[in-house]
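Overview (structure and organization)
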Amino acid sequence: MAHFTKATSVKDWLNQRLAIEKVEKVMASEYWIPKNINFLWAMGLILMITFVLLLVSGIFLLMYYQPNVDTAFYSVNYTIMRDVDFGWLWRHVHGVAASVVFLIIYIHMFTGIYYGSYKKGREMIWLSGMLLFITFSAEAFSGYMLPWGQMSYWAGMVITNLFSGGSLHADFLVEWIRGDYVPAQAFLSRFFMLHVLLLPLAILGLIGLHFAALRIPHVNNQDGEEIDFDAESKKYLAGDKVGSKVMRFGNDFLSKDMMVVGIYLIFFFYLVFYHYGFAMDPVNFDPADGLKTPAHIYPEWYFLWSYEILRPFSTDIGLMAFGFAQVIFVLLPWLDRSPNTVPASRRGLFAIWFWAMLLDMIVLTAMGKLPPSGIFSTIGLVAALTFIGLWILLPIITMFEKKV
Amino acid sequence: MGKAFGAVAAVGAVGSLVAMKRTWDPLPSVKAAGFTTLDMSIYEENKLVTEKWRGKPIFVLKKTAEMVAKQTEKQKARDIVIGGAHYMVSIGLCTHLGCIPAYDAGKEGFLCACHGGQFDFSGDVTKAPPPRGFDIPPFKIDGNLLVLGEAGPEYMKMKETGITL
């Protein structure tokens, strides 16, 4: 057994039992972050804070929400919105955060792509990040079912039908996922469970993995420079804070981060209080009706790009294109054949590829919202083919990239 | 020792997976409540009525004499004939991703607003993305009545000839 002495203070008492000083060093004051970064490096903390906002608002919603096909709609739109004091606040925070979290995830992702932060030992960061993106998508979808409005029901119908695999006619699989021939009580209960327990647990675990994956390769920097973190941190600790290329995570980097977080939170609460409507689809304020399809079924904005890849094709090809779009980002570290870990601007053709991909996804998103007819149908088809084409081109253009 | 432990653990793992899979299966009560009986004498010509079977919408359209006269063999094969009248009876879900198409009595056809699929008055597909016409639910003709959920000889024939899945 370890030797314990009479504690001289509360801190000392805790230190002997939990080694809090050492933990603080490992987690904050001697966790080293490069100095050569910009505001885009704050997206991780913004995501963490948004996740906490979702968790807290979700806990309060959970106290009044009823996962029952007869009462779910009214428990949300009547009990929470009108009866519960400040119930509207939790709902609007939850709805707005669920939407905004995807905006930040996309910025976070494209920052990583731009600066090559998925290469040279950082593959696990990218992989765990993509797993987080997938679980967040599942979390968003399962949460969307819960108010049991028309969009909940029909999005549930359409998305679960994807699992029939087109011509494979795996209806048994669809019925198994739903627990019924159509989305009904069994469906609502199990998606409620997924939304409030299993998926949040998975997300927490994956966040742990994502952070752990960051420790050994460290955070990337604006020039993709390979920093000797041991040497630079020694320099810093020896007193040469100006000459060192690194700074402490806590509280130096955090204080810069919190500045960006502060600006973000002003924007976030502006949306919550004055502009929450974008996160509340009007069609979902009609209770679910299995005998009436809404005129247009479209997902929330953050799924539109992949929905638009599904739409212009016949069922089987559409499903294959959709499946391709869902997994292809995961493979990015291996499809990018170039050894360069520098910003896209210094990588020749890859810079064009990056902006073309970003633009194409914006076009897909816009077309996904518009009705599938006439010119929009054609633009959507071209954009979907461009998406697939760009991914096929990626290994080729990066293979011939000059070493910088 | 390791192998023995592994074998026991594998049996347990498979057992729990089976239990988990079965727990997610539709309940017996859901499976049992699967029959709907329709009185076919009440429908009006070229007026679409939506009935309900297993929570799904069922389209019933009594065809006009004109429709019956002009329809092709392929369209005719989908007909359910009761008391001399021809009916289109099918599951009213687009075979693409399950939206409910709307019927236009003037154009005598269906349009799905989700992804733009179209069907004719016999429920056959006329414009992609839907891969095939409406599915026809298992049915049995009983005089003037139509029982949905039970497979009669007319339904079995349609299934064998590949008219419905």
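Residues numbered from 1 in each chain as written. Chains lettered and ligands numbered in written order. Predicted model: local features only at pLDDT ≥ 70, side-chain atom pairs only at ≥ 80, totals over all residues. Heavy atoms only, no water.

All names here are of chain B. Read across the open sheet, the 4 strands follow the order β6-β7-β8-β9; overall the sheet is antiparallel. The sheet is open, and its two borders are formed by β6 (102-104) and β9 (125-127), each paired with just one other strand. Each strand axis lies, on average, 30° off the axis of its neighbour in the sheet, ignoring direction. In this sheet, strand β8 (residues 118-120) lies alongside strand β7 (residues 109-111) in antiparallel orientation, the contact comprising 3 bridges. When the bridges of β8 are listed, F110 appears paired with F119. (Pairing = 2+ DSSP bridges. Helix = DSSP H or I, 4+ residues; strand = E, 2+ residues; numbered from the N terminus. Axes fitted to C-alpha atoms, helices over the stretch in contact; angles between N-to-C directions.)

On to the domain arrangement of chain A, then. Residue and element names in this part refer to chain A. Along its sequence, chain A is carved into domain 1 (33-294) and domain 2 (298-404). One C-alpha centre belongs to domain 1, the other to domain 2, and the line joining them spans 22 Å. Every contact between the two is made by 34 residues of domain 1 and, on the other side, 34 residues of domain 2. Both faces considered, domain 1 and domain 2 share a buried interface measuring about 3100 Å² in area, 67% of it formed by carbon and sulfur atoms. When residues of domain 1 are sorted by the area they lose upon contact with domain 2, F110, Y114 and K119 head the list and together hold 22% of the total. (Domains from an automatic or database assignment. Contact = heavy atoms within 4.5 Å. Buried area = accessible area lost by both parts, 1.4 Å probe.)

All names here are of chain B. Read from one edge of the open sheet, 4 strands run β2-β3-β5-β4, paired in antiparallel fashion. A single partner strand is all that each edge strand has here, and the edge strands are β2 (49-53) and β4 (80-82). On average, each strand axis in the sheet is inclined to that of its neighbour by 35°, with strand direction left out of account. As defined by bridge partners, β4 adjoins strand β5 (residues 85-91) across 3 bridges and the pair is classed as antiparallel. Looking at the pairing, V81 lines up with H86 of β5.

Residue and element names in this part refer to chain A. For helix α16 (residues 374-399), spanning 26 residues, the distance from its first C-alpha to its last is 39 Å, which sits close to the expected 38 Å at 1.5 Å a residue. By the largest-angle criterion, L393 marks the main kink of α16, which is about 35°, and a proline, P395, follows within four residues. All buried positions along α16 are accounted for by G380, A383, A384, F387, I388, L390, W391, L394, P395, I397 and T398. (Expected span 1.5 Å × (residues − 1). Bend = angle between axes of the 7 residues up to and from the residue. Buried < 20%, exposed > 50% of the residue type's maximum accessible area, 1.4 Å probe, protein only.)

What follows is about unusual backbone geometry. Residues and elements named next belong to chain A. Of the consecutive residues G250 and N251, the connecting peptide bond is found in the cis state with omega at -5°. Relative to the helices and strands, N251 is located in helix α11 (residues 249-274). Backbone geometry at A19 places phi at a positive 50°, although glycine is not the residue there. Locating A19 in the fold gives a position in the loop between α1 (10-18) and α2 (20-29).

Residues and elements named next belong to chain A. With their axes 12 Å apart at the nearest point, helix α5 (residues 87-115) and helix α6 (residues 123-145) run at an angle of 160° to one another. In terms of axis orientation, α5 runs roughly antiparallel to α6. Note that α5 runs across α6; the crossing there is left-handed. Facing V101, F102, I105, Y106, M109 and I113 of α5, the residues of α6 in contact are W126, M130, F133, F136, S137 and A140. For the contact of α5 with α6, a count of residues per class yields 11 nonpolar, 1 polar and no charged. (Parallel < 35°, antiparallel > 145°, perpendicular 65-115°, else oblique. Left-handed = near helix turned anticlockwise from the far one by under 90°. Nonpolar A, V, L, I, M, F, W, Y, C, P; charged D, E, K, R; others polar.)

Residues and elements named next belong to chain A. Under the defined criterion, the tally for this structure stands at 13 salt bridges over all chains. The salt bridge partner of R311 is E308, with a shortest N-O separation of 2.9 Å. Residue classification places E308 among the buried positions, given a relative accessible area of 2%. One salt bridge connects R347 with E401, and the closest N-O pair in it is separated by 2.7 Å. Of this pair, R347 sits in the loop between α14 (332-335) and α15 (349-369) while E401 sits in the segment after α16; the two residues are 54 residues apart in sequence, bridging distant segments of the chain. (Salt bridge = Lys/Arg side-chain N within 4 Å of Asp/Glu carboxyl O.)

Right, let's get into the environment of L14 of chain A. Mapped onto the elements of the fold, L14 of chain A is located in helix α1. Residue class for L14 of chain A comes out partly exposed when judged on its relative accessible area of 29%.

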